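Fold and contact review
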Amino acid sequence: MSRTPMATPTGGSSTRAWRDALVAVVAGFAVMTLIGAAGLACAGAGDLPGGAFPRVVAAVVVMAAGGSVEVSGGAGFLAGADASLSVLPLSVSLAGALTAGFCFLRPLHNRAVAGPRELAGRALPLVALWLLALTGGALLARQDFGISTGDSPVGEIGELLDSAPTVGFRAAVPATLLFGLLWILGLLLICLLVSRRAPLPAGLVRFHTAVRPAAFATVTLLLAYVVLGVVVGLVVAATQGHPGRTLAVVLLGLPNLVWIALTLGFGGAWQGNVEGPFGLPVPQLLDQVLRGPDLSTVDVASLAERDSRAWWLVVVAAVLLLGAGVLTAVRSPARVRPWQHALHLGVALALATLAVCLLAAVQARFGLSLLGIGDVDGLGGRVELTALLGRTVGLALLWGAVAGFLGALLARPLHRRGRVDAPSGAKR
């Protein structure tokens, strides 16, 4: 039987790699820009003065791609600003990741095995062009705004000395490129882990059974929560009023909310607080738990103290996690034992939860101080929400293991004896 020779890099294949990478980058950034602009428009950012809307969109896209945006402000020698912002608009990130990931994988869906040089030849052009586009976005993402101070001391003195307070943002280019590099490399790794049709180096094919079914099921679980959140968001927008604000949350930060809901559903916890006139664009119930001068713990029990319907988070998590366990078993060879499914899904869910805890965290602060004496009332605030990592990741490991074991038992009637799901094109 003749063997198909392994492809070697040629000028033509290199040209195709750069062309495919360009398509992936353009498509990814175009989708992120579209989603970000739509979300900001729903939030009312289209009315920003000085033609600032494109620059704000650029800042959102930069943050969505893992970049860093710094906030600053002041009023000359009169006042100084202590400002910080750390938040990832995960709706925009997810849209760009799905688009760029699909474009990256599509040319590779033709065989089971690929050499490391070939995969690197596909990945490196994409990484280089992605960072180039991110640099352009970072250079555009900078703007200053005036602050309305009302009857505050800063406003009164500023009028006398013609020194109005301002606040602005600008992307930190070195940090943006560093975190953007980690973002795109992480995306490419996840693509290869999730897709069973994508080729792997010959030495890694043996890990296909252990990694890919559980990784695919975990990503499907996260996407199922997003779809469910979209449905709920559209219903809320249509029935509860404030459709613009609700659609802005859906288009900018829906995964931030629904993936936190997943962690709460299996017993995880977050802590944080909200002070001042600013707040999180979150359900009123969560804002009530967080608002106050001290850190508050957010879990299902604390939410249920104010609204007993919070217990439905546990029911939804249990059902969808069990579905992920069944999906893991169905996509695995019949020879894999239930305890192996438990191990695979437990580890996959724990790693995904760790990523969610890091990506969905929010830290934002703005304080305007007069002559260095203290914050001006009404012009300062703080928003913080971070996960209790040990508890949340540990329970994810436990729930994933239980769901993997039970899913394997439920999936037994669905297996064809001896079935082996190898990568497309591999010998069976």
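Predicted, not measured: the structure shown is a model, and the values here were computed from it.

Cut-offs and rules
- Residues numbered from 1 in each chain as written.
- Predicted model: local features only at pLDDT ≥ 70, side-chain atom pairs only at ≥ 80, totals over all residues.
- Heavy atoms only, no water.
- Helix = DSSP H or I, 4+ residues; strand = E, 2+ residues; numbered from the N terminus.
- Buried < 20%, exposed > 50% of the residue type's maximum accessible area, 1.4 Å probe, protein only.
- Contact = heavy atoms within 4.5 Å.
- Phe/Tyr/Trp six-rings, centres within 6.5 Å; stacked < 30°, edge-to-face > 60°.
- Core = buried A, V, L, I, M, F, W, Y, C linked by side-chain atoms within 4.5 Å.
- 1 Å grid on protein atoms, 1.4 Å probe; cavity = no way out; pocket = protein on both sides within 12 Å on 5 of 7 lines; lining within 4 Å.
- Points joined across faces, edges and corners; volume = space filled by probe spheres on them.
- Nonpolar A, V, L, I, M, F, W, Y, C, P; charged D, E, K, R; others polar.
- Salt bridge = Lys/Arg side-chain N within 4 Å of Asp/Glu carboxyl O.
- Axes fitted to C-alpha atoms, helices over the stretch in contact; angles between N-to-C directions.
- Parallel < 35°, antiparallel > 145°, perpendicular 65-115°, else oblique.

As a further point, take the overall build of the protein. A tally of helices and strands in the protein yields 13 helices and eight strands. Relative to its full complement of 428 residues, the protein shows a buried share of 47%. Looking at the protein alone, contacts between residues at least 24 apart form 77% of all its contacts between residues at least 6 apart.

Turning our eyes to something else, we now look at the packing of aromatic side chains. For any pair of aromatic rings, the description rests on two quantities: the centre-to-centre distance and the angle between the ring planes. All chains considered together, the criterion is met by three aromatic pairs. The interplanar angle of 50° and the centroid separation of 4.6 Å between the aromatic rings of Phe29 and Trp130 together place this pair among those described as tilted. With Phe29 in helix H1 (residues 11–42) and Trp130 in helix H4 (residues 116–140), this pair connects stretches of sequence that are 101 residues apart. Arranged with centres 5.2 Å apart and planes meeting at 10°, the rings of Trp130 and Trp183 form a pair that is stacked. Residue Trp130 is found in helix H4, and its partner Trp183 is found in helix H6 (residues 173–194); the two are separated by 53 residues along the sequence. One exposure class covers both Trp130 and Trp183, and it is buried. Put simply, the rings of Phe29, Trp130 and Trp183 pair up and form one aromatic cluster.

With that settled, consider the nonpolar core. Formed by 46 residues in total, the largest nonpolar core has its most connected members in Met32, Phe104 and Trp130. If you list the elements that add at least two residues to this core, you get H1, helix H2 (53–64), helix H3 (90–105), H4, strand S4 (166–171) and H6. Filtering out sequence-adjacent residues up to four positions away, Trp130 remains in contact with Val25, Phe29, Met32, Ala65, Ala100, Gly180, Trp183 and Ile184. The next biggest cluster of nonpolar side chains, apart from the first, holds 41 residues, and it includes Leu90, Trp259, Leu303 and Ala387.

Okay, the side chain of Thr176 next. Position of Thr176 relative to the elements: it lies in helix H6. Its relative accessible area of 0% is what places Thr176 among the buried residues.

Let us now look at empty space enclosed by the protein. Per the counting criterion, the structure on display carries two cavities of 30 Å³ or more. Volume-wise, the largest cavity comes out at about 50 Å³. What lines the largest cavity is simply Ala17, Asp20, Ala21, Ala24, Cys103, Phe104, Arg122 and Leu126. Mapped by element, the contributors of at least two residues to the lining of the largest cavity are H1, H3 and H4. Here the lining of the largest cavity gets four residues from one element, more than from any other, and that element is H1. Across the lining of the largest cavity, the residue classes tally to six nonpolar, no polar and two charged.

This part covers the pattern of salt bridges. Pairing is possible between side chains that carry opposite charge, provided their charged atoms lie close to one another. All chains considered together, the criterion is met by four salt bridges. Among the ionic pairs, Asp20 bridges to Arg19, the shortest N-O distance being 3.3 Å. For Arg391, the salt bridge goes to Asp299, with nearest N and O atoms at 3.4 Å. Here Asp299 lies in the loop between strand S6 (296–298) and helix H10 (300–304) and Arg391 lies in helix H13 (residues 389–411), a separation of 92 residues in the sequence. Overall, Arg391 belongs to the partly exposed group, its relative accessible area being 37%. Several salt bridges share partner residues, and in doing so they unite Arg19, Asp20 and Arg122 into one network.

Let us look at the packing of H6 against helix H7 (residues 208–239). Interhelical geometry of H6 versus H7 gives an angle of 115° and a closest axis separation of 7 Å. The orientation of H6 relative to H7 falls into the category roughly perpendicular. Contact residues: H6 offers Leu192, Leu193 and Val194, while H7 offers Val211, Arg212, Ala215, Phe216 and Val219. Its residues assigned to classes, the contact of H6 with H7 shows seven nonpolar, no polar and one charged.

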